[in-house]
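# Residue-level structural notes
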Amino acid sequence: MYLRMITASLVRRRSRMLVALLAVAVGATILSGLVTIYHDIPHQMGQEFRSYGANLILVPSGEETSLSGTDVKEAVSYFPSDSVVGVAPYRYQAVKINEQPFMAAGTDLAEVRKTSPYWFVNGQWPEEPGSILVGTAVADLIRLVPGSQLTITGNDANGKVFSRDFTLSGIVQTGGKEEEFIFMSMADLEDAMGDLDVIDVVECSISASGTQLNSYVQQIEASVPAVTPRLVKRVTESEGTVLTKLQALVYLVTVVVLLLTMICVATTMMAVVTERRKEIGLKKALGASNESVTKDFLGEGLILGAFGGLLGVGLGFIFAQTVSLNVFTRPISFRLSMIPVTILISILITGLACLLPVRSAVDVDPAIVLRGE
Amino acid sequence: MNLLELKEVSKIYGTLKALNNIDLSVPKGEWLAIMGPSGSGKTTMMNIVGCMDKPSNGSVILDGVDISKENPRSLTAIRRDKIGLIFQQFHLINYLTALENVMVAQYYHSLPDEKEAMQALERVGLAGRAKHLPSQLSGGEQQRVCIARALINYPMLILADEPTGNLDEANENIVLDIFRQLHREGSTIVVVTHDPEVAEEAERIVVLEHGKIARIEDNHRGEQEEG
Ligand SMILES: Nc1ncnc2c1ncn2[C@@H]1O[C@H](COP(=O)(O)OP(=O)(O)O)[C@@H](O)[C@H]1O
Ligand SMILES: [Mg+2]
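Here is what the cut-offs are and how they apply
Residues numbered from 1 in each chain as written. Chains lettered and ligands numbered in written order. Predicted model: local features only at pLDDT ≥ 70, side-chain atom pairs only at ≥ 80, totals over all residues. Heavy atoms only, no water. Helix = DSSP H or I, 4+ residues; strand = E, 2+ residues; numbered from the N terminus. Rg over C-alpha atoms; globule rule 2.2 N^0.38 Å. Areas by Shrake-Rupley, 256 points an atom, 1.4 Å probe, with all protein chains shown as cover. Lys, Arg positive; Asp, Glu negative; His and termini not counted. Charge placed at Lys NZ, Arg CZ, Asp CG, Glu CD. Buried < 20%, exposed > 50% of the residue type's maximum accessible area, 1.4 Å probe, protein only. Near = heavy atom within 4 Å. Polar contact = N/O pair within 3.5 Å; in protein donor to acceptor, adjacent residues only side chain to side chain. Nonpolar A, V, L, I, M, F, W, Y, C, P; charged D, E, K, R; others polar. Domains from an automatic or database assignment. pLDDT = per-residue confidence, 0-100. Contact = heavy atoms within 4.5 Å. Pairing = 2+ DSSP bridges. Buried area = accessible area lost by both parts, 1.4 Å probe. Salt bridge = Lys/Arg side-chain N within 4 Å of Asp/Glu carboxyl O. Phe/Tyr/Trp six-rings, centres within 6.5 Å; stacked < 30°, edge-to-face > 60°. Lys NZ or Arg CZ within 6 Å of the ring centre and 35° of its normal. Core = buried A, V, L, I, M, F, W, Y, C linked by side-chain atoms within 4.5 Å.

Looking now at the overall build of chain B. Scanning chain B for helices and strands turns up seven helices and 10 strands. Computed over its C-alpha atoms, the radius of gyration of chain B comes to 17 Å, within 12% of the 17 Å expected for a compact globule of 227 residues. On the principal axes, the C-alpha backbone points of chain B span a range of 45 × 40 × 35 Å. Here chain B displays about 9,600 Å² of accessible surface, and carbon together with sulfur accounts for 47% of that area. Averaging the locations of the 23 positively and 33 negatively charged side chains of chain B gives two centres separated by 7 Å.

Moving on to the overall build of chain A. Along chain A, the regular secondary structure elements total 12 helices and 10 strands. Taken over C-alpha atoms, the radius of gyration comes to 33 Å for chain A, far larger than the 21 Å a tight globule of 373 residues would show. Taken along its principal axes, the extent of the C-alpha atoms in chain A is 110 × 45 × 30 Å. Expressed as a percentage of the 373 residues in chain A, the buried residues total 49%.

Here we take up the site of ligand 1. Around ligand 1 sit Arg371 of chain A together with Tyr13, Leu16, Ala18, Pro37, Ser38, Gly39, Ser40, Gly41, Lys42, Thr43 and Thr44 of chain B, and that is every residue in its neighbourhood. With respect to ligand 1, the backbone of glycine 41 of chain B contributes an N or O atom lying 3.1 Å from an oxygen atom. If ligand 1 stood free it would expose 550 Å²; the protein chains cover 67% of that surface. Within the residue set of the shell around ligand 1, elements represented by two or more residues are strand S2 (16–27) and helix H1 (42–49) of chain B. Top contributing element to the shell around ligand 1 by residue count: H1 of chain B, with three residues. Its residues assigned to classes, the shell around ligand 1 comprises four nonpolar, six polar and two charged.

As assigned here, chain A comprises domain 1 (2–47 + 240–370) and domain 2 (54–231). Inter-centroid distance (C-alpha atoms) of domain 1 of chain A to domain 2 of chain A is 56 Å.

Glancing now at the confidence of the model for chain B. Residues and elements named next belong to chain B. Across chain B, the average pLDDT comes to 92, with 97% of residues at 70 or higher. This stretch, residues 222–227, has a pLDDT under 50; its non-local contacts, to residues over four places away or in other chains, come to seven contacts. Quick note on the complex model: pTM equals 0.75, ipTM equals 0.90.

Residues and elements named next belong to chain A. Burial runs high along strand S1 (residues 56–60): four of the five residues are buried. In this sheet, strand S9 (residues 201–206) lies alongside S1 in antiparallel orientation, the contact comprising three bridges. Looking at the pairing, isoleucine 57 lines up with glutamate 203 of S9. Where S1 lies against strand S10 (residues 227–231), five bridges are found, and the strand directions are antiparallel. Paired with isoleucine 57 across the strands is arginine 230, a residue of S10.

Contacts between the two partners involve 29 residues from chain B, matched on the other side by 31 residues from chain A. Interface area, chain B with chain A, both sides summed: about 2,600 Å², of which 59% is carbon and sulfur. If you look at where chain B meets chain A, you find four salt bridges. The salt bridge involving arginine 12 of chain A is made with glutamate 100 of chain B; its shortest N-O contact spans 2.9 Å. Our count for the chain B to chain A interface comes out at 11 residue pairs in polar contact (both at pLDDT 80 or more). Sorting the residues of the side of chain B that touches chain A by element identifies H1, helix H2 (72–82) and helix H3 (98–109) of chain B as the ones contributing at least two each.

Evaluated as defined, the whole model comprises 11 aromatic pairs over all chains. The side chain of lysine 295 of chain A reaches across the aromatic face of tyrosine 2 of chain A, ending 5.0 Å from its centre.

Let's shift gears to the nonpolar core. All names here are of chain B. Grouped together as the largest cluster of nonpolar side chains are 91 residues, with contacts concentrated most on Leu6, Met45, Leu121 and Phe179. In terms of residues, this core owes the most to one element, H3, which gives eight residues. Residues in contact with phenylalanine 179, not counting those within four places in the same chain, are Trp31, Ile86, Ile147, Ala160, Pro163, Ile189 and Val191.

Next comes the structure, spelled out in structure tokens:
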């Protein structure tokens, strides 16, 4: 009879209950949405932060002057492959153009585009052998424009002079020291130098939290003695600070919204219960104890809370997804743990919101309630 | 033996004496009518006898228990076990069917029994409307559901506050017929009414005025069947 009564109340008083259900569902939606976003921020921002450049570099250990390709490969294998945004090796070499000294860097230009997405290239990224990038400082000094031909000279690995012709495909603007460099493919530099497999430094852009990065560093230090990994503190530390502040902000918003939602749900439930004072009076007149009446309403409240919560989980994910797509332009991952948490909190809040008005209504004399009109 | 005894009962609202020193005894099996102008304290008296309200002074003894001394919890229990209430405004639960409305009284009393609830509806001639919601029933039908609900737990005292006040002549007669039958079966009935024709049916008529018993009329036609 208990179940029959409360389901009848929920089903046959459809429009009323829909309002209450909506209130609960909206609350649950915002709650689960915000919590999902809160948890996803490090992931989302981690991706975002990677546009600020490498956060980890590999350099030769101790007395060594260069790294070998095999050492680098081994070190890089300690990063989970799905979190590697880019790995760019650099080999530096002093060269001359028209007898003026410059620094040339041989690298993997495709990877540089990934590790340093903030580079602004006037012209085009080199695609063919023999085409290079130069920094704006270099271009200004010797008046180069994209398409210019130039000859680079220097001493190769054996001390002999080399001279190579290149086509300038683009000019790099970064606002940093890169503007003083000449960038070419590793193959072009190795061809000019006449030796292979010399790497001075490797810039790595890894999408990971500070603690994760630290653990990669420790693993590489322990397992690849020829390589010394270093965090780019400037990047990782500011990332950590921004992340903490952002999460604190969302946390605060979540708490405030949760409070407002609770008040809103409570008021709705109170209105629903207050409207039914006469029913409470009648049930008491029929001999229902205060506990029975409370149980009746609580049962309804709990069912409402459960359904509202369930609705909120779904809608909350859509909400979080929309926010994520609009703010981070990336989809968010669904958290299974949000299902029980949201439903439980909804039930709790609805139960509480029901209990308070029922408590006060239940203590009223049935005579007064039934006397009205 | 008296089922109900009121001794020097008063109910005071602020300065208003809604009931003023009432003494009244109702023997078991009696059909008693209470009349009086509006505001004379009839409903107040019913609420006190029905364990829904407490007197300011005096004692009310129902089936040997002084209910004016009981706490709300035991009043609820007494109401549930001994009293059947019928209201002028019916007071059915609007989202439950006629049958379910009867079963609710069973549920709070002991155990719901659909068959027995159905029999109660048959008794008031509503077997065919068991699955209807109150909004789908006429006033007379709603009052009959209310009566079926009041009777379902075999109360020793039936209290009806203007049960025919909102009914037309035909429905009034149906309700009176049910009361006659209950009376014949030995139920104790207290009916508040404005309607002299309804009061006629009772064995005694208590007339209230300004919270006091103005007079008590013995009604000899009360024992006759079919007035
Ligand atoms: N809860 C209350 N508070 C104050 N006055 C009340 C209350 N209930 C009833 N009264 C007053 O008590 C008097 C008797 O009321 P009532 O018993 O309802 O009369 P009747 O049922 O005979 O019309 C009326 O004057 C009414 O206004
Ligand atoms: Mg009245």
